[in-house]
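Each chain is listed here by its residues.
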Amino acid sequence: MGGLGPEEWQAVRLSLRVSGVATLASLPLGILAAHALARWSFRGKALLNGLVHLPLILPPVVTGYLLLLTFGRRGAVGEVLAQFGIVLAFRWTGAALAAAVMGFPLMVRAIRLALEAVDPKLEAAARTLGASPPWVFATVTLPLILPGVIAGSILAFAKAMGEFGATITFVANIPGETRTIPSAIHAFLQMPGGEAAAGRLVIVSVALAMGALWLSEVLARRLARRVAGQ
Amino acid sequence: MTLSIAVTHRFAGFDLDVAFEAPPGATVLFGPSGSGKTTLVNAVAGLLRPDAGRIAAGDWLLLDTAAGRFVPPHRRRLGYVFQESRLFPHLTVRQNLGYGRWFAPRGARAESMSRVVEMLGLGPLLNRRPGALSGGEKQRVAIGRALLAAPKLILADEPLAALDEPRKAEILPYFERLRDEVSVPILYVSHSSAEVARLATTVVALRAGRVVAIGPPGRVLGDVAAVGARGAASVLTARVVAHHADGLTELATAAGALWLPRLPDAPGSAVRVRIAAQDVILSRARPEGLSALNILAGTITGIRHGEGPGAMVTLAVGADRLAARLTRRSAEALGLAPGQSCHAILKTVAIAPEDVGTGTPGAGRARTGPATG
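Residues numbered from 1 in each chain as written. Chains lettered and ligands numbered in written order. Predicted model: local features only at pLDDT ≥ 70, side-chain atom pairs only at ≥ 80, totals over all residues. Heavy atoms only, no water.

Asker: Give a description of the packing of helix α4 (residues 135–148) of chain B against helix α5 (residues 165–181) of chain B that names residues and reports values.
Answerer: Helix packing for two helices is described by the angle between their axes and how far apart those axes are. Residue and element names in this part refer to chain B. Between α4 and α5, the least distance of the axes is 9 Å, while the angle of their chain directions is 15 degrees. On the basis of the axis angle, α4 is roughly parallel to α5. Judged by the sense of rotation from one axis to the other, the crossing of α4 with α5 is right-handed. Of the residues in α5, those touching α4 at Gly136, Gln139, Arg140, Ile143 and Leu147 are Arg167, Glu170, Ile171, Tyr174, Phe175 and Leu178. Tallied by class, residues from the contact of α4 with α5 come to six nonpolar, two polar and three charged. (Axes fitted to C-alpha atoms, helices over the stretch in contact; angles between N-to-C directions. Helix = DSSP H or I, 4+ residues; strand = E, 2+ residues; numbered from the N terminus. Parallel < 35°, antiparallel > 145°, perpendicular 65-115°, else oblique. Left-handed = near helix turned anticlockwise from the far one by under 90°. Contact = heavy atoms within 4.5 Å. Nonpolar A, V, L, I, M, F, W, Y, C, P; charged D, E, K, R; others polar.)

Asker: Can you lay out the interface of chain A and chain B for me, pointing to particular residues and giving the numbers?
Answerer: Across the contact, 23 residues belong to chain A and 24 residues belong to chain B. Roughly 2,100 Å² is buried in total at the junction of chain A and chain B, and carbon and sulfur atoms are behind 67% of that figure. On inspection of chain A and its partner chain B, the count reaches one salt bridge. Lys121 of chain A serves as the salt-bridge partner of Glu84 of chain B, at 3.3 Å between the closest nitrogen and oxygen. If you look at where chain A meets chain B, you find five residue pairs in polar contact (both at pLDDT 80 or more). Along the lines of polarity and charge, the residues of the side of chain A that touches chain B split into 14 nonpolar, six polar and three charged. (Buried area = accessible area lost by both parts, 1.4 Å probe. Salt bridge = Lys/Arg side-chain N within 4 Å of Asp/Glu carboxyl O. Polar contact = N/O pair within 3.5 Å; in protein donor to acceptor, adjacent residues only side chain to side chain.)

Asker: An account of helix α9 (residues 181–190) of chain A is needed here, citing residue identities and associated values.
Answerer: Burial analysis of α9 of chain A places seven of its ten residues in the buried class, the great majority of the element. Taken together, the buried positions of α9 of chain A are occupied by Ile181, Pro182, Ser183, Ala184, Ile185, Ala187 and Phe188 of chain A. (Buried < 20%, exposed > 50% of the residue type's maximum accessible area, 1.4 Å probe, protein only.)

Asker: So what's going on with the sheet that holds strand β15 (residues 270–276) of chain B? Residues and values would help.
Answerer: All names here are of chain B. Strand order in this open sheet of five strands is β14-β13-β12-β15-β21, and the pairing throughout is antiparallel. Across the chains shown, the open sheet's two edge strands, defined by having one partner strand only, are β14 (256–261) and β21 (356–358). Across this sheet, the average inter-strand angle for adjacent strands is 40 degrees, counted without regard to direction. Where strand β12 (residues 233–243) meets strand β13 (residues 248–253), four bridges bridge the pair, whose relative direction is antiparallel. By the bridge assignment, Arg239 is partnered in β13 with Ala252. (Pairing = 2+ DSSP bridges.)

Asker: With reference to specific residues and values, describe the sheet that holds strand β17 (residues 294–305) of chain B.
Answerer: All names here are of chain B. Overall, antiparallel pairing links the five strands, which are arranged β16-β20-β17-β18-β19 in an open sheet. Only two strands of the sheet have a single neighbouring strand rather than two, namely β16 (280–283) and β19 (320–327). Strand after strand, the sheet turns through a mean of 45 degrees between neighbouring axes, direction not considered. For β17 and strand β18 (residues 310–317), the ladder comprises six bridges, and the chain directions are antiparallel. When the sheet's bridge partners are listed, Thr299 is paired in β18 with Ala316.

Asker: Got a sec to walk through α4 of chain B? Specific residues and values, please.
Answerer: For α4 of chain B, which comprises 14 residues, the first-to-last C-alpha distance of 20 Å matches the rise-based estimate of 20 Å (1.5 Å per residue) to within 8%. Of all 14 residues in α4 of chain B, twelve are buried, a share of seventy percent or more. Looking at α4 of chain B, one finds that the buried residues are Gly136, Glu137, Gln139, Arg140, Val141, Ala142, Ile143, Gly144, Arg145, Ala146, Leu147 and Leu148 of chain B. Where α4 of chain B is buried, its residues touch α6 (120–128) of chain A together with β7 (78–81), α2 (93–103), α3 (113–120), β8 (153–157) and α5 of chain B. The positive-phi residue at the C-terminal boundary of α4 of chain B is Ala150 of chain B, with phi of around 55 degrees. (Expected span 1.5 Å × (residues − 1).)

Asker: How would you explain the side chain of Asp320 of chain B if you had to name every residue and give the values?
Answerer: All names here are of chain B. You can see Asp320 is positioned in strand β19. Despite its burial, Asp320 pairs with no opposite charge, the nearest such side chain being Arg321 at 8.5 Å. With near-sequence residues (within four places) excluded, Asp320 lies in contact with Val235, Leu236, Thr237 and Leu315. (Lys, Arg positive; Asp, Glu negative; His and termini not counted.)

Asker: A description of the nonpolar core should follow, citing residues and the corresponding values.
Answerer: Residue and element names in this part refer to chain B. Counting residues in each nonpolar core, the largest one holds 52 residues, and the members touching the most others are Leu97, Val141, Phe175, Leu178, Tyr188 and Leu221. Each of domain 1 (3–215) and domain 2 (231–357) contributes no fewer than three residues to this core. Among all residues touching Leu97, those that are not within four sequence positions of it are Met113, Val117, Leu122, Leu126, Val141, Gly144, Arg145 and Leu148. Judged by nonpolar contacts, the second largest core, of 31 residues, contains Leu48, Ala57, Leu153 and Leu206. (Core = buried A, V, L, I, M, F, W, Y, C linked by side-chain atoms within 4.5 Å. Domains from an automatic or database assignment.)

Asker: Can you explain the layout of surface pockets? Please cite residues and give values.
Answerer: Gaps left between atoms are located by rolling a probe of water-molecule size over the structure's atoms. In this structure, the largest pocket occupies an estimated 600 Å³ of space. Looking at the largest pocket, it is lined by 24 residues, and the ones nearest its centre are Leu67, Leu97, Ala100, Val101 and Phe104 of chain A. Residue assignment for the lining of the largest pocket shows that the elements contributing at least two residues are α1 (6–39), α2 (45–57), α3 (60–71) and α5 (92–116) of chain A. In this structure, the second largest pocket encloses a volume near 330 Å³. Taken together, 18 residues form the lining of the second largest pocket, with Arg198, Pro264, Pro353, Glu354 and Val356 of chain B sitting closest to its centre. Contributing elements (two or more residues each) for the lining of the second largest pocket: α5, β14 and β21 of chain B. Among the elements that line the lining of the second largest pocket, the one with the most residues is α5 of chain B, at four residues. Split into classes, the residues belonging to the lining of the second largest pocket amount to ten nonpolar, two polar and six charged. Two domains each donate at least three residues to the lining of the second largest pocket, and these are domain 1 (3–215) and domain 2 (231–357) of chain B. (1 Å grid on protein atoms, 1.4 Å probe; cavity = no way out; pocket = protein on both sides within 12 Å on 5 of 7 lines; lining within 4 Å. Points joined across faces, edges and corners; volume = space filled by probe spheres on them.)

Asker: Outline the confidence of the model for chain A, listing residues and values.
Answerer: For any part of a model where pLDDT is low, the fine detail of the predicted coordinates should not be relied upon. When the pLDDT values of chain A are averaged, the result is 90; 97% of them are 70 or greater. At the level of individual helices and strands, chain A shows its lowest average pLDDT in helix α10 (residues 195–228) of chain A, which scores 86, and its highest in α6 of chain A, which scores 95. (pLDDT = per-residue confidence, 0-100.)

Asker: Mind laying out the packing of aromatic side chains, listing which residues take part and the relevant values?
Answerer: All told, the structure shown has eight aromatic pairs over all chains when counted by the stated rule. Judged by centre distance (5.9 Å) and plane angle (70 degrees), the rings of Trp135 of chain A and Phe103 of chain B are edge-to-face. Within this pair, whereas Trp135 of chain A is found in helix α7 (residues 133–162), its partner Phe103 of chain B is found in helix α2, the two belonging to separate chains. A relative accessible area of 19% means that Phe103 of chain B is categorised as buried. (Phe/Tyr/Trp six-rings, centres within 6.5 Å; stacked < 30°, edge-to-face > 60°.)

Given below as C-alpha cells:
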C-alpha cells in the first residue's frame with residue numbers, strides 16, 4: 001500500500017488538530033456541565049440535561065444543519081461573531097465546533113459518573129481544614145475525578161476523529177480546511193481509483209481509535225492504583 | 001477559651017434545642033445515638049446551618065443567626081477528626097498532614113510537623129497513601145492533619161467508634177496528650193462512659209436533643225438522670241505511687257490507697273480512674289478478712305431511690321465523689337443516711353485498663369444555660 005500521499009497526510013493532520021482543539025476547548029465546559037448536573041439543583045436542570053444529550057440522539061445531519069442555522073454567516077450567533085472577525089462556517093474552526101458538540105454528551109456523561117462517585121464527606125473535610133469551595137474542587141474533587149475526565153476526553157476525542165455527518169453539513173468538505181479523515185475517505189470513495197487512498201486512511205483511523213482506547217485504559221488503571229494506596 | 005453554644009434546629013421527627021457554656025479544656029458531648037451530638041458538632045464546624053442559634057469560641061463569634069452572621073466552614077480555623085478518618089485517598093500521608101497547614105494563615109501558631117509526627121508515631125507512614133493504612137493508623141493521621149491546620153478549636157466526632165478495642169486503647173492516649181500538652185480546646189463526641197471519664201474536663205450529657213446534665217465527669221457520670229442507673233459511674237483522681245512485683249500498681253487517693261492491675265504510667269503521674277457504681281460495695285464498719293484490696297473511707301452525701309428496687313448512694317471520698325449502686329433493701333438494712341461515715345469496697349480486677357486515663361479532671365465551672373427558641 002505504501003506511505004500516505006500528501007493529500008492523505010493533510011487529512012490526518014487536520015483531523016488531529018480539529019479533534020484536539022475540540023476536546024481541549026470543550027473540556028472546561030464539560031466539567032462545568034457535569035458538575036451542574038451531578039451536584040446542583042436548579043430550575044431547568046432537565047432542559048440542560050436534554051440539551052447536552054441531544055447530539056447523541058439527533059441525526060448528525062440535523063445537528064450540522066442546526067449549527068449552520070445558528071453559527072452560519074447569517075445565523076443569529078454567526079452574525080455577531082462575524083463582527084468580531086470570527087467566522088466558523090466552512091472553516092476548520094467550524095469543523096472543531098461540530099466535533100466538540102458531537103463529543104460533548106460522551107464527555108459529560110463520563111465526568112458526571114466520576115463526580116457522583118466522589119464522597120461529599122471528603123469535600124466537607126477539606127472545607128473544615130480551611131479550603132474554600134474553589135480550592136476544594138482543585139485539590140480534592142478534580143484529582144479524584146481525573147480518571148473520569150481522562151476517559152471522557154478520550155471518548156470525545158475519538159468521537160471527534162470519526163465525526164462526519166454534522167461536519168460535512170456545517171462546513172462542507174474543503175481540502176486543507178475542513179476535509180478531515182472521514183470526509184477524505186468519503187471523497188476518495190467517490191473518485192475512480194480512490195480505493196487505495198481510502199483504504200490507507202481506514203487503517204490510520206482504526207489505529208488511532210485503538211491507540212486512544214489503549215491510552216485511556218492505561219491512564220485509568222494507573223490512577224486507580226494510585227488512589228488504592230500503592 | 002470558653003465555648004458558648006446555643007442552637008435550635010428542627011429535623012423531621014427530631015428537634016435539637018441546646019444551650020450551654022463550657023470552660024477551657026476538653027468538652028465531651030455524651031449521649032446515646034440520636035441525641036443530637038453529631039448535629040451539634042457539625043453546627044460548630046459550619047457544615048450544618050441551624051435554624052437559629054449563636055456559637056462562640058472565646059470572643060470569636062462563629063454563628064449568630066439573629067445578627068445574620070455565619071462564618072463559612074473554611075474560615076472557622078478548625079481541626080475536625082471524623083469517625084471515618086476521611087483522609088484524602090489521592091494524597092500521601094505527608095500531603096494529608098500538610099493539607100490544612102497550607103490553608104492556615106501565615107504566622108498562625110501551629111504545631112511543628114516533626115513534633116506531631118513524633119507524638120503520633122507517624123514517621124514510618126509518611127510516604128504511604130491512606131489505602132495502605134490500618135484503621136488505627138488512619139485515625140492517627142487524621143488527628144495529625146487536624147492538629148497541623150493550626151486550629152483554634154479541635155472537633156472530634158466519635159473518632160474511636162470505628163476501631164476495635166486494641167486500636168481504641170492505642171488512640172485514646174493521644175487525645176489525652178492533646179488535652180494536656182496542646183492548649184487548644186477540644187469538643188469531643190462520645191457515647192462511651194469510659195472515654196468521657198478519661199478525657200472530659202466538662203461533660204455535656206445530651207438526650208433527645210436536650211442537655212440533661214453538664215459539669216465535671218465525676219458529677220455528670222454519677223447523675224442517674226443523665227446516664228441511667230446502669231451507666232452511673234464515678235471518677236477518682238489518684239497519683240501513681242509504685243508498681244509492685246505481683247503485677248499491681250499502687251495509687252494514692254485522698255481517701256486511701258488504691259490497688260489496680262498494672263498501669264503503664266510512671267510513678268508520680270496523675271491518673272483518673274472510672275469506677276462503675278454497680279461495682280462498689282458499701283460497709284458501715286471497716287471490713288476485715290476480705291479478698292477485695294481496695295477499701296476507701298468516705299462520708300455519705302446523698303441517697304437516691306429509683307423507681308425500681310435500686311438505690312444510688314453517693315459518698316464524698318477526699319475531694320471526689322463516689323457513687324455506689326445498691327438495692328434499696330440493703331440501704332435500709334444498713335440504715336444508711338447522709339452524714340454517716342462509710343467504707344467503699346472495690347475489687348481490683350473490676351477496673352479495666354480502659355477505665356484509667358492520665359491527667360486530672362479539670363474543676364470546670366460549667367453551667368446549664370437557658371434554652372433558646
